[in-house]
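Here are the chains, one letter per residue:
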Amino acid sequence: MASEASAHGQIGVSVCYALPAQVWLRELRLPAGSTVADALGASGFAQAFPVVQPWERGVGVYGRPVAPGTPLADGDRVEIYRGLSFDPKESRRRRAEHRRAKTARNGRVRPAGLL
């Protein structure tokens, strides 16, 4: 079912970039058949974040990585990804150490196979 926007040859898309303290979001009207690269160009992202290379960390639509030439549909959200602020392996290791230390302090013995 075509929406009113696509009936007029345009689609509505969002472009967002999540920062630690805020979210940069632009709502756009683009011609039908526009690509992810078109949306990034029209959003003003390069002017707002001149040092950030969006394709370096990846760009996706609703959490799925996409290529620059991927066509967009009405209502799509283009997401510009950034690097992780922590190492997941390191965080997991610290949590396991914390659990072991807490167990040792309380004098409990855990069954085999459990952390």
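What comes next concerns the included structure.

What counts, and at which threshold
- Chains are numbered independently. Their residues run from 1 in the order of the written sequence.
- This being a predicted model, a pLDDT of at least 70 is required before a residue's local features are given, and a value of 80 or more before pairs of side-chain atoms are given or counted; all residues contribute to the totals for chains, interfaces and linings.
- Each side-chain value is derived from all of the structure's non-hydrogen atoms; neither hydrogens nor water enter the calculation.
- Put simply, DSSP marks the helices as runs of H or I at least four residues long and the strands as runs of E at least two long, and each gets a number from the N terminus on.
- Per-residue accessibility takes into account occlusion by the displayed protein chains alone, with areas from the Shrake-Rupley method and a 1.4 Å probe.
- Each Phe, Tyr or Trp ring (for Trp, its six-membered ring) is paired with any other whose centre lies within 6.5 Å, and the angle between the two planes then decides the class: stacked below 30 degrees, edge-to-face above 60, tilted in between.
- Burial here depends on accessible area, computed with a 1.4 Å probe over protein chains only, as a share of the maximum for the residue type. Under 20% is buried, over 50% is exposed, and the range in between is partly exposed.
- Here, strands pair whenever DSSP counts at least two bridges between them.
- Contacts are assigned to residue pairs with any non-hydrogen atoms lying within 4.5 Å of each other.
- Note on method: axes are straight lines fitted to C-alpha atoms, helices fitted across the in-contact stretch only, with angles between N-to-C directions ranging 0 to 180 degrees.
- Patch membership needs two things, relative accessible area over 30% and no salt bridge, and members are linked within 9 Å if like-charged or within 5 Å if nonpolar (Val, Leu, Ile, Met, Phe, Trp, Tyr).
- Salt bridges are defined as contacts in which a side-chain nitrogen from Lys or Arg sits within 4 Å of a carboxyl oxygen from Asp or Glu.
- Only four residue types enter the tally: Lys and Arg on the positive side, Asp and Glu on the negative side, with His and both chain ends excluded.
- Charged groups are reduced to one reference atom each: NZ for lysine, CZ for arginine, CG for aspartic acid, CD for glutamic acid.
- The set of buried Ala, Val, Leu, Ile, Met, Phe, Trp, Tyr and Cys residues whose side-chain atoms join them within 4.5 Å is what this entry labels a nonpolar core.

Take the overall build of the chain next. Scanning the chain from terminus to terminus reveals five helices and five strands. Helices and strands in the chain line up, N terminus first, as α-β-β-α-α-α-β-β-β-α. Of the accessible surface of the chain, which amounts to about 8,100 Å², a share of 55% is contributed by carbon and sulfur atoms.

Overall, the coordinates contain five aromatic pairs when judged by the stated rule. A ring pair is formed by Tyr17 and Phe49, whose centres lie 5.0 Å apart and whose planes are at 65°; its orientation type is edge-to-face. In this pair, Tyr17 is assigned in strand β1 (residues 10-18) and Phe49 in the loop between α3 (45-48) and α4 (54-57), connecting sequence segments 32 residues apart. Tyr17 gets classed as buried once you look at its relative accessible area, which sits at 6%. Among the residues examined, Phe49 registers a relative accessible area of 16% and is labelled buried.

Now for the sheet that holds β1. Strand order in the open sheet made by the five strands is β2-β1-β5-β3-β4, with mixed pairing throughout. The sheet is open, and its two borders are formed by β2 (23-31) and β4 (64-65), each paired with just one other strand. Pairing of β1 with β2 involves nine bridges; the strand directions are antiparallel. Paired with Tyr17 across the two strands is Trp24, which belongs to β2. Across the sheet, helix α2 (residues 36-43) touches β1, β2, β3 (59-61) and β5 (77-80), and the angle it forms with β2 is around 115°.

A surface patch of positive charge is lined by Lys89, Arg92, Arg95 and Arg99. Looking at the element boundaries, Lys89 is found in helix α5 (residues 88-106).

All right, on to the nonpolar core then. One finds Val13, Val15, Ala39, Leu72 and Val78 to be the most contacted residues of the largest nonpolar core, which totals 17 residues. Sorting the residues of this core by element identifies β1, β2, α2, β3 and β5 as the ones contributing at least two each. For this core, the element with the most residues is β1, which contributes four residues. Those residues in contact with Ala39 that sit more than four places away from it in its chain are Val13, Val15, Leu28, Leu30, Leu72 and Val78.

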